[in-house]
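Next come the chains, spelled out residue by residue.
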Amino acid sequence: MSTALPSLGFAGIGLMGLPMCRRLLAAGYPLTVWNRSADKCAELVAAGARLASSPAELCAAVDMVLLCLADTAVVREVVFGEQGIAQGGRSGQLLVDLSSLEPTATREMAAALAALCGMAWLDAPVSGGTPGAEAGSLAIMVGGEAHDLARARPVLLTLGQRVTHMGAVGAGQVTKACNQMIVACNALVIAEVVALAEQSGVDARLLAEALAGGFADSKPLQILAPQMAEGRFEPVKWHVRTLLKDLDGAVKLSREQGSATPLSALAAQLMRLHGSQGYLEKDPATLVALYRNKD
């Protein structure tokens, strides 16, 4: 006996959202999409998705609503703003937030949404970037009730290879903050390393290969070091502003929890400096420009 796939709504058709939606459509999920600029939905509508005119309308005929949005403020607006999800949502529906947000704000919004319309909330931020979104190989860390995750797990496993239940609502976002601290500090030190190798007369293009399999190896090293060494910054796969936003969120969380994050705080300052020089919308591979001699 075949069980019908749940119908899905998806808000946020950006660098990550678009490949995620392609995978959901390919897997046969009935999909309704919404984006602030509707033209970004054209490809998905041509492939069989329905277009909603507002987040509230997105909820009309779906079992689950997925969000992949820029930051806490945008999620708050899409959920609680005029014609927001809170106005269209109902008890029995599930909101799955794939965005990277502040954990405290996530808990507050989840409680407010449940009070307003009875809709449950899973925070399910992802790691793996656009290549992971395209390949369906993302790591997904989830906060929320186990029975809600049981409903969403098949959908999430269409998008990722690993889904880990980290605890109550907000726990997924805490885990993502930890992930981004490691990624951002790694990206900055890789930039230092590439510049040092170059200034010492070593071919920095060989670094990733030379260090592969050793203790210094990592996915960021294999992706960023060659891009940095070759000055290959296009196409933009992720944004400096995203790493900066997540570092700021991690430092704020550490203050709230009375925990120390000196390296991540310094990383945030360096990322902000880099962003202020016109790199906010650029790929983090451009971080090498912080360290290259500007003759």
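Residues numbered from 1 in each chain as written. Predicted model: local features only at pLDDT ≥ 70, side-chain atom pairs only at ≥ 80, totals over all residues. Heavy atoms only, no water.

If you look the protein up in an unreviewed UniProt entry, it shows as NAD(P)-dependent oxidoreductase from Pseudomonas muyukensis.

Caption draft 1: Representation of the side chain of D148. Looking at the element boundaries, D148 is found in helix α8 (residues 146–159). R151 is the oppositely charged side chain nearest to the buried, salt-bridge-free D148, at an N-O distance of 4.5 Å. Sequence-distant contacts of D148, defined by excluding residues within four places in its chain, comprise L94, A120 and L122. (Helix = DSSP H or I, 4+ residues; strand = E, 2+ residues; numbered from the N terminus. Buried < 20%, exposed > 50% of the residue type's maximum accessible area, 1.4 Å probe, protein only. Lys, Arg positive; Asp, Glu negative; His and termini not counted. Salt bridge = Lys/Arg side-chain N within 4 Å of Asp/Glu carboxyl O. Contact = heavy atoms within 4.5 Å.)

Caption draft 2: The pattern of salt bridges, seen in detail. Scanning the entire structure with this criterion turns up 9 salt bridges. A salt bridge links E230 to R232; its shortest N-O distance comes to 2.8 Å. Linking E281 and R241 is a salt bridge whose minimum nitrogen-to-oxygen distance equals 2.9 Å. Here the residue E281 occupies a position in the segment after α13 (262–279), and R241 occupies one in helix α12 (residues 240–257), the gap between them amounting to 40 residues. With a relative accessible area of 46%, E281 lands in the partly exposed category.

Caption draft 3: Examining the UniProt feature "domain: 6-phosphogluconate dehydrogenase NADP-binding" (unreviewed entry) in the protein more closely. Mapped onto this numbering, the UniProt entry gives "domain: 6-phosphogluconate dehydrogenase NADP-binding" (unreviewed entry) at residues 8–167. Overall, residues 8–167 shows 42% helix and 24% strand. The separation of its end C-alpha atoms is 24 Å. (UniProt positions renumbered as here; feature names shortened; annotations may be inferred.)

Caption draft 4: A look at the environment of V169. Along the chain, V169 turns up in the loop between β9 (160–167) and α9 (171–199). Under the relative-accessibility criterion, V169 is labelled partly exposed at 22%. Linking V169 and G143, residues 26 residues apart in sequence, is a C-alpha distance of 4.3 Å. Residues contacting V169, with those up to four places away along its chain left out, are T106, R107, A110, W121, D123, G143 and G144.

Caption draft 5: Representation of the UniProt feature "domain: 3-hydroxyisobutyrate dehydrogenase-like NAD-binding" (unreviewed entry) in the protein. Taking the UniProt record as the reference, the feature "domain: 3-hydroxyisobutyrate dehydrogenase-like NAD-binding" (unreviewed entry) is found at residues 170–290. Structurally, residues 170–290 comprises 68% helix and 0% strand, and the distance from its first C-alpha atom to its last is 34 Å.

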